[in-house]
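# Results of the structural survey
Now for the letters of each chain:
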Amino acid sequence: MNLIRILPPEPVVPVSKHRVRLSASQRTTLQHLIAGGTAPARTLTHARVLLKTDSGPAGPGWSDGQIVAAVEVSRATVERVRARFCADGLDAALHRQRPRITAPRKLDGRQEAQLVTLACSTPPPGQGRWTLTLLTDRFIELEGTLVSDETVRRVLKKTTSSHG
C-alpha cells in the first residue's frame, strides 16, 4: 500500500526592498570595528549584520534567516539595520538613534523662579520646613497652574539653592 505524504508548502520569504551594497572602504571600516571589539555591543552587532547582508561583489549576501541564526538577532533587527543603512547611511545604521520626542516644559522660567523663591521662604505656621506636598499646594494656590509633586521636585533639584 502506497502512502502519499503531503507536505505543507515552505513559507515564501519576501525579498527585501532594501539592498545593501558596501563600498570597499565601508567594508574595511566595519571589519576594523569588529576586530577592535571596543565598541558597544549593539554597534558591533549591527556591523556584523551589515557585513553579512552585503549583496555587493565582495559580500556574502546572506538571507535574513541565515543572518538571524548566525548573529543571533531578530529578523526585525536585520530589516531595521538594512533599512537605516539604505535611508541614512553607515553611521545611522551602526549607532543608536536619539529619541526625537521631547516633552514640553511644564513651567516656564518665571514660574520656576517663583517656585524656588517659595521654597526658600519661611514655611507655613506649624511646619518646620517645606514638604513637596506643601510647596505644590501653595504654588497651585498662587499660580493657578496644576503641577505634580514630581514636577516641583525636578525644578528644585535643578537649583543649587540651600533650603535651610
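All values reported here derive from a predicted model rather than from experimental measurement. (Residues numbered from 1 in each chain as written. Predicted model: local features only at pLDDT ≥ 70, side-chain atom pairs only at ≥ 80, totals over all residues. Heavy atoms only, no water.)

## Brief notes about the packing of helix H3 (residues 64-71) against helix H4 (residues 75-88)
Helices that pack against each other are described as a pair by the angle of their axes relative to one another and the distance between those axes. Definition in use: Lines fitted to C-alpha atoms define the axes, with helix axes restricted to the stretch in contact, and inter-axis angles between N-to-C directions lie between 0 and 180 degrees. Counting from the N terminus, the helices are DSSP H or I runs at least four residues long and the strands are E runs at least two residues long. What sets the label is the angle itself: under 35 degrees gives roughly parallel, over 145 gives roughly antiparallel, 65 to 115 gives roughly perpendicular, and the rest give oblique. Definitions for this section: a left-handed crossing has its near helix turned counterclockwise from the far helix by less than a right angle. A right-handed crossing has that turn clockwise. Residues count as neighbours in contact if any of their non-hydrogen atoms are within 4.5 Å of one another. Only Asp, Glu, Lys and Arg are considered charged, only Ala, Val, Leu, Ile, Met, Phe, Trp, Tyr, Cys and Pro nonpolar, and every remaining residue, Gly among them, polar.
Where H3 contacts H4, the axes come no closer than 9 Å and their chain directions differ by 110 degrees. By the angle between their directions, the pair H3 and H4 is classed as roughly perpendicular. Between H3 and H4 lies a crossing whose hand is right-handed. From H3, Asp 64, Gly 65, Ile 67 and Val 68 reach across to H4, where they touch Arg 75, Val 78, Glu 79 and Arg 82. Here the contact of H3 with H4 is built from residues that sort into three nonpolar, one polar and four charged.

## Thoughts on the confidence of the model for the protein
Spelled out, the test is: Residue-level confidence of the predictor is summarised by pLDDT, bounded by 0 at the bottom and 100 at the top.
Looking at the protein as a whole, the pLDDT averages 88, with 87% of positions reaching at least 70. For the protein, the element scoring lowest by mean pLDDT is helix H8 (residues 149-158), at 91; helix H2 (residues 41-53) scores highest, at 96.

## Observations regarding the packing of aromatic side chains
Cut-off, in case you're wondering: Aromatic pairs are defined between Phe, Tyr and Trp rings, using the six-membered ring for Trp, whenever the two ring centres lie within 6.5 Å; interplanar angles under 30 degrees are classed as stacked, those over 60 as edge-to-face, and all others as tilted. Any Lys NZ or Arg CZ found within 6 Å of a ring centre and within 35 degrees of that ring's normal is scored as a charge over the ring.
On inspection of all chains with the given rule, the structure shows zero aromatic pairs. Sitting over the face of the ring of Trp 62, Lys 52 holds its NZ or CZ atom 4.5 Å from the ring centroid.

## Brief notes about H3
To be explicit about the condition: Think of it in three bands: with a 1.4 Å probe and only protein chains considered, a residue is buried below 20% of the maximum accessible area for its type, exposed above 50%, and partly exposed in between. This arc is taken over the directions from the axis of the helix to the C-beta atoms.
Every buried residue of H3 is accounted for by Asp 64, Ile 67 and Val 71. Buried positions in H3, seen along its axis, are confined to an arc of 60 degrees and lie on one side of it. Tucked inside the fold, the buried residues of H3 contact H2 and H4. A positive backbone phi angle near 60 degrees is found at Glu 72, which sits one or two residues after H3.

## Overview of the pattern of salt bridges
To keep things clear, this is the line we draw: Salt bridges are defined by distance alone: a side-chain nitrogen of Lys or Arg within 4 Å of a carboxyl oxygen of Asp or Glu.
Summed over all chains, the structure comprises nine salt bridges. Among the salt bridges present, the one from Glu 143 reaches Arg 110, with a minimum N-O distance of 3.1 Å. Linking Glu 143 in helix H7 (residues 132-143) with Arg 110 in helix H6 (residues 109-120), this pair joins segments that are 33 residues apart in sequence. Salt bridges sharing partners connect three or more residues here, namely Asp 64, Arg 75 and Arg 82.

## Comments concerning the nonpolar core
Note the threshold: What we call a nonpolar core is a set of buried Ala, Val, Leu, Ile, Met, Phe, Trp, Tyr and Cys residues that are connected through their side-chain atoms within 4.5 Å.
Core analysis: the largest hydrophobic core is formed by 16 residues, its most contacted members being Leu 22, Leu 30, Val 49, Leu 50, Phe 85, Leu 90 and Leu 94. Elements with a contribution of two residues or more to this core: H2, H3, H4 and helix H5 (90-94). With four residues, the top contributor of residues to this core is H2. Of all hydrophobic cores here, the second largest spans 12 residues; its members include Ala 119, Trp 130, Phe 139 and Val 155.

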